[in-house]
Amino acid sequence: MVEVAILICLLQLATATATATATTAAASSLSYPSHQILAVQEIIDTTKSAAQVPQTQLLDHETIESGESHGGKRWKLNLVHRDKLSENDDGHRRRTEARLKRDVKRVAILNSRIGGNHTKGGVEGGRFEVEDFGSEVISGMRQGSGEYFVRIGVGSPPRSQYMVVDSGSDVVWVQCLPCKQCYQQSDPLFDPASSASFVAVSCASPVCQHAETAVGCHGHGGGRWCKYEVSYGDGSYTKGTLALETLSFGNTFIRNVAIGCGHRNQGLFVGAAGLLGIGGGSMSLVSQLGGEAGGAFSYCLVSRGAGSLGSLEFGRESLPTDSAVWVPLLRNPRFPSFYYVGLSGLGVGGVQVTIPEPIFKLSDMGHGGVVMDTGTAVTRLPTVAYAAFRDTFIVQTTNLPRAPPVSIFDTCYDLNGFVTVRVPTVSFYFSGGPVLTLPASNFLIPVDDMGTFCFAFAPTSSGLSIIGNIQQEGIQISFDSTNGLMGFGPNVC
């Protein structure tokens, strides 16, 4: 509760600062709380006692809220972390290692597509090829890397399906019968023949002509249907027929949603039936909801090991009405699916670290910049920025015993035996003034059950910075595409 109070206080303070004197917020002399408390033993106990919920129980937790008021429509879905879909508990250390391996794969592919270069310190350069950039959900290794899932109904009557949620993708698709090549999923494969609302998109349809994923037609005469294909760069893909179908959120039905009906699929996480893209492009679910959602949605990512569920909400009613930190969304015409934000710096112990601001700048050519991504776990920073940030944190934690590096984490601590520890605050400084100070559990995370905690950031040789889902956990993240804004907090999941 101490972390929650600190976070809400700082969010309110940052909002007031941005409104009153935006120019002063960038000054390194700003005095924010310098330290907070990390509840070490409580986190370790939670990690040890986190039991895997059997899938049969998860099927009973499809609670979805929907409603309508003077402010418009609102749909709320439960978000489930992939660890909850695992039938076996392999231990926290193994789950962490698997998560980081998936993360490395995802970031490598994101960098190959939008990173712009791989030179030291993120100096701009490199080359893009249009064909290198497909749809942006990254399936990860052979078993896939979807991190968060929702359960929705597909078709009429609705068939419940687990779907990977990804803020960097514009595609909505499910595996379909007849299946020529499919991976294992938790639910029966979707059969379009059993759905009264399934309509294959014809080649002459404007949907086919404007869909970025359309690759031609199949069939003969009057039965020529639009084909789609999405390749993820790591050998994973989905191919099939583009269709209009009904999706259901509880008792609410969304008709004529353009989806991919995948007859050849490879590589996505074995529990999921497909993917729910909520990116910024024209084919994402957010865009297809159009005026009904008002271009708005928000999510809360459940904290690791927590027994509660996260949430994904669509509609302007989902946006916080007060006390949120709002920052402008930046648009990159080269890669419209991603949500970019302006980051001006990083803070440790209440003081801004000295980092050249151009490190985080999105160039006129679409290189570099800072992306919010639900599919990446660990925040990545260009090497120069990361080194200055990490070194400042190390200087302020010399009282804590160090531990050997773990995987991509080079700064770890042995906190076995501690009940709580006092740690310096960590903050994101956004362009224009707002400052977001993270809860301690969002930047020092346990990597085993024995008290090893690591600084949950990593360097990248690319110019692209990524704010990952570990840093987003427990904070309401809101997107108002209509007004070009993104909000942080103040609600806690």
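Bear in mind the structure is a predicted one, so any value in this text is a computation, not a measurement. (Residues numbered from 1 in each chain as written. Predicted model: local features only at pLDDT ≥ 70, side-chain atom pairs only at ≥ 80, totals over all residues. Heavy atoms only, no water.)

Observations regarding empty space enclosed by the protein
Move 1: Applying the stated criterion to the full structure yields three cavities of 30 Å³ or more.
Move 2: Volume-wise, the second largest cavity comes out at about 40 Å³.
Move 3: If you go around the second largest cavity, the residues you meet are Met372, Phe428, Leu436, Leu438, Ile467, Gln471, Gln472, Ile475, Ile477 and Phe488.
Move 4: Split by residue class, the lining of the second largest cavity holds eight nonpolar, two polar and no charged. (1 Å grid on protein atoms, 1.4 Å probe; cavity = no way out; pocket = protein on both sides within 12 Å on 5 of 7 lines; lining within 4 Å. Points joined across faces, edges and corners; volume = space filled by probe spheres on them. Nonpolar A, V, L, I, M, F, W, Y, C, P; charged D, E, K, R; others polar.)

Focus: the packing of aromatic side chains
Move 1: What the rule picks out here adds up to 16 aromatic pairs.
Move 2: Taken together, a centroid distance of 6.0 Å and an interplanar angle of 35° make the contact between tyrosine 299 and phenylalanine 479 tilted. Residue tyrosine 299 is located in strand β13 (residues 296-300), and its partner phenylalanine 479 is located in strand β30 (residues 477-480); the two are separated by 180 residues in the primary sequence.
Move 3: Relative to phenylalanine 457, the ring of phenylalanine 455 has its centre 4.9 Å away and its plane inclined at 45°; by these criteria the two rings are tilted.
Move 4: Looking at phenylalanine 455, the relative accessible area reads 0%, which means it is buried.
Move 5: Among the aromatic side chains, those forming a connected cluster through ring pairs are Trp75, Phe249, Phe297, Tyr299, Phe314, Tyr339 and Phe479.
Move 6: Positioned over the ring face of tyrosine 162 is arginine 151, at 4.5 Å from the centre of the ring. (Phe/Tyr/Trp six-rings, centres within 6.5 Å; stacked < 30°, edge-to-face > 60°. Helix = DSSP H or I, 4+ residues; strand = E, 2+ residues; numbered from the N terminus. Buried < 20%, exposed > 50% of the residue type's maximum accessible area, 1.4 Å probe, protein only. Lys NZ or Arg CZ within 6 Å of the ring centre and 35° of its normal.)

Some details on the pattern of salt bridges
Move 1: Counted under the stated rule, the structure contains seven salt bridges.
Move 2: With a shortest N-O distance of 2.9 Å, arginine 151 and aspartate 187 are connected by a salt bridge. Of this pair, arginine 151 sits in strand β4 (residues 148-154) while aspartate 187 sits in the loop between β6 (172-175) and β7 (199-200), and the two are 36 residues apart along the sequence.
Move 3: Overall, aspartate 187 belongs to the buried group, its relative accessible area being 10%. (Salt bridge = Lys/Arg side-chain N within 4 Å of Asp/Glu carboxyl O.)

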